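Geometric and topological summary
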Amino acid sequence: MGLLTPREILKNDLFSKGTHILEIGCGNGEFLLHLHQARPYAIIWGLDISNFALKKAFSRTKDRANIFLVKSDGKWFLQWLVPPKTLKEVYLLFPDPWPGNEKKRMVNQNFIKLLSERLEIGGRFTFATDVRDYYEKTRELFESSGFFRITEGIESFYTKYERKWKSLRRETYSLTAELVKAPKNIETFGVFLEHPVEVSISVETIKNLAGLELRWGDIFFKIIDVYEKTGREFLFKTVFRFRDMGQKQLFILKDGKIDLLPVQLEIYPEPLLDAIKLVFT
Ligand SMILES: C[S@@+](CC[C@H](N)C(=O)[O-])C[C@H]1O[C@@H](n2cnc3c(N)ncnc32)[C@H](O)[C@@H]1O
């Protein structure tokens, strides 16, 4: 099918029907093809943050109508784009282990929380790594969550990194965690394509907003730069973080209203809207 933007996914409500399977960090797309062959009825989502990887995955999968690729961080995608209880299977195969900087790893408490909310009951998450300590910590997190049952891993995934580690005779480890109990209260937020906010602060204040930082609860919002286009039209380069997920966003202030820059094709999570309201009204 090809590459989709977060905006296209929301606009077309692509999670509203069908069986959905997700691979986070799909690399060159080999495993997406395996999934597609094994489950021809399912919609297969492949995420990666690397343009290089997505280009390879695209050339491998472009003629398959049921494979969708998205340039997105895995947690960002789960948090803002996947509705609760939607996914049948999720795969994370040989993710970056971040030696010395383990807090950047994909699997942590927040990832497990998101999975427990986005998988359907009986849905499964499969993980593989060549890093023993990453495997053991992942196993511990699932075991202590109270929502998952660990079942057998899968023998082979036929991915580039699996081949790489096997050719170097490095041991690899895998597990599958099945969701056996859903959380009682699933946290939900609105996500918008546009939401113009009336600005009630002065032009002088606006000009001095560069460098402003807000932190409250799980939210961090910073205006990195302000560009004056014409006397009353401004562009804002911002960064928004929610828990351990971050994204840069561009906003435009025009005719007394601020909103997402239309050409940027991004989305507007509710906590980001709250930050915008706090700064500009
Ligand atoms: C070591 S490679 C493994 C690729 C493939 N799964 C395999 O086994 O051959 C890790 C992949 O994850 C992608 N990646 C890293 N961080 C990511 C993130 N936060 N969200 C989605 N993909 C990510 C990288 O760009 C890279 O393509």
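Right, let's walk through the structure included here.

Cut-offs and rules
Residues numbered from 1 in each chain as written. Predicted model: local features only at pLDDT ≥ 70, side-chain atom pairs only at ≥ 80, totals over all residues. Heavy atoms only, no water. Near = heavy atom within 4 Å. Polar contact = N/O pair within 3.5 Å; in protein donor to acceptor, adjacent residues only side chain to side chain. Areas by Shrake-Rupley, 256 points an atom, 1.4 Å probe, with all protein chains shown as cover. Helix = DSSP H or I, 4+ residues; strand = E, 2+ residues; numbered from the N terminus. Pairing = 2+ DSSP bridges. Contact = heavy atoms within 4.5 Å. Axes fitted to C-alpha atoms, helices over the stretch in contact; angles between N-to-C directions. Buried < 20%, exposed > 50% of the residue type's maximum accessible area, 1.4 Å probe, protein only.

1. Let's talk about the site of the ligand
- Looking at the ligand, there are 18 residues lining it, with Gly 25, Asp 48, Asp 73, Leu 93 and Thr 159 nearest.
- Lys 160 is positioned with one of its backbone polar atoms (N or O) 3.4 Å from an oxygen atom of the ligand.
- Surface burial for the ligand is 86%, taken as the share of its 600 Å² of free accessible area covered by protein chains.
- At the level of elements, β2 (20–24) and α7 (160–167) are the ones that each hand at least two residues to the shell around the ligand.

2. Quick word on the sheet that holds strand β11 (residues 213–216)
- Taking strand neighbours across the sheet as the criterion, the 6 strands line up as β10-β15-β14-β13-β12-β11 in an open arrangement whose pairing is antiparallel. Edge positions in the open sheet fall to β10 (197–198) and β11, since each of these has one partner strand only.
- As defined by bridge partners, β10 adjoins strand β15 (residues 257–260) across 2 bridges and the pair is classed as antiparallel. In the strand pairing of β15, Val 197 is matched with Ile 258.
- Strands β10, β11, β12 (219–230), β13 (233–242), β14 (245–254) and β15 of the sheet are contacted by helix α9 (residues 270–280), whose axis makes an angle of about 60 degrees with β12.

3. Details of the sheet that holds strand β8 (residues 173–179)
- The strand order β1-β4-β3-β2-β5-β6-β8-β7 describes an open sheet built from 8 strands, whose pairing is mixed. Each end of this open sheet is capped by a strand with a single partner; those strands are β1 (2–4) and β7 (148–151). Between one strand and the next, the sheet's axes are offset by a mean angle of 25 degrees, whatever the strand orientation.
- This element, helix α3 (residues 51–61), spans β1, β3 (43–48) and β4 (67–71) of the sheet and lies at about 165 degrees to β4.

4. Things to note about the pairing of β11
- As defined by bridge partners, β11 adjoins β12 across 4 bridges and the pair is classed as antiparallel. Bridging from a neighbouring strand, Leu 214 pairs with Phe 221 of β12.
- What sits between the antiparallel neighbours β11 and β12 is a turn of 2 residues, in which Gly 217 has the positive phi angle 50 degrees.

5. Some remarks on the environment of Gly 146
- For Gly 146, the position within the fold is in the loop between α6 (132–145) and β7.
- Accessibility expressed as a relative area gives 44% for Gly 146, which makes it partly exposed.
- Along the chain, Gly 146 and Pro 183 lie 37 residues apart, while their C-alpha atoms are 9.4 Å from each other.

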